[in-house]
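Here is how the chains run, residue by residue.
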Amino acid sequence: MTHFVLVAGAWLGSWAWDDVVADLRAGGHDVHALTLSGLAERRQERRDAPIGQETHVQDIVDAVERLDLRDVVLVGHSYSGIPVGQAAERIGDRLARVVFVDSNVPKDGESFVSAWPDGRAAVEASIAESGGFWAPLTAEEYEGQGLTDEQITRIVSGATPHPGGTLTEAAKLHRPLGELPATYIKCLLDWPEPSPDVVELLKSEQWRLVEMNTGHWPMFSQPHELAQILLNA
């Protein structure tokens, strides 16, 4: 049995995967949708230290080890591709495959905002203005992503501010990411081409590309199609 571990992007929690989870379980697989520290139902958790990138990596590793999961398909959407990519190498032979859903990918020594040369200042300003958190997008910012008004309302109403330290703390990789068995799902409405970092990784024999004709949030806009891609991964 495959064990899917699903991690949504910035501002979102485990709830974002509800429609995908149902299809994966119907296919006879074990599924664990995670909420990372500081988000959704974990927003009010008391902590002894600030939440950073390493916190989110450890959230994922701890879940896999606590549940003693093997034959794991780790799935990271958007921002969460960064902690998921780091966790994938740390869980060793428990990993079957890592799937990046229209996501950022970790690069040793660089952070989420490092890949945003044009938007870095805006993200950092939002963090400073929001008490250390990145403010969620407005409904208007989800337009053009293949989402219905109902789906946009669902995302906006469920989104919570994202811990800023996770966006500015650098990733730590101990081996080339291209050595991991991986699938990259590119959502074409968001941007038709993968980032240069992903293009380079796709040269690896271990990596493959799958395209979806939808926007950046396929777990809402095309959950059944996304689930089928994951089942085939």
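Note: the structure precedes this text.
**Digging into the sheet that holds strand β2 (residues 30-34)**
Pairing is parallel across the open sheet formed by six strands, whose spatial order is β2-β1-β3-β4-β7-β8. Since the sheet does not close on itself, it has two edges, and those belong to β2 and β8 (207-212), each with one partner. Geometrically, the sheet is characterised by an average inter-axis angle of 20° between neighbouring strands, direction not taken into account. Inspection of the sheet shows strand β7 (residues 182-187) paired to β8 by six bridges, in the parallel sense. Within the sheet, the bridge partner assigned to Thr-183 lies in β8 and is Arg-208.

**A word on the pattern of salt bridges**
Counted under the stated rule, the structure contains 10 salt bridges. Across the pair Asp-19 and Arg-154 runs a salt bridge, and its minimum N-O distance is 3.1 Å. Highlighted residues: Asp-19 in helix α1 (residues 18-26) and Arg-154 in helix α5 (residues 149-158), separated in sequence by 135 residues. Given a relative accessible area of 28%, Arg-154 falls into the partly exposed group. For Asp-68, the salt bridge is made with Arg-94, and the minimal N-O distance between the two is 3.1 Å. Pair noted here: Asp-68 is in the loop between α2 (53-66) and β3 (72-77) and Arg-94 is in the loop between α3 (81-90) and β4 (95-101), with a separation of 26 residues, a long-range link. By relative accessible area, which is 13% here, Arg-94 ends up buried. Residues participating in the shared-partner salt-bridge network are Arg-42, Glu-45 and Asp-59.

**Re helix α4 (residues 120-129)**
Looking only at α4, the buried set comprises Val-123, Ser-126 and Ile-127. All buried residues of α4 project into a common sector of 100° when viewed along the axis, lining one side. In this structure, α4 carries Ala-121, Ala-122, Ala-128 and Glu-129 as exposed residues pointing more than 90 degrees from its buried face. Elements in contact with the buried residues of α4: β5 (133-134) and α6 (165-168). Looking one or two residues past α4, Gly-131 carries a phi angle of roughly 65°, positive in sign.

About the criteria used
- Residues numbered from 1 in each chain as written.
- Predicted model: local features only at pLDDT ≥ 70, side-chain atom pairs only at ≥ 80, totals over all residues.
- Heavy atoms only, no water.
- Pairing = 2+ DSSP bridges.
- Helix = DSSP H or I, 4+ residues; strand = E, 2+ residues; numbered from the N terminus.
- Axes fitted to C-alpha atoms, helices over the stretch in contact; angles between N-to-C directions.
- Salt bridge = Lys/Arg side-chain N within 4 Å of Asp/Glu carboxyl O.
- Buried < 20%, exposed > 50% of the residue type's maximum accessible area, 1.4 Å probe, protein only.
- Arc of directions from axis to C-beta.
- Contact = heavy atoms within 4.5 Å.

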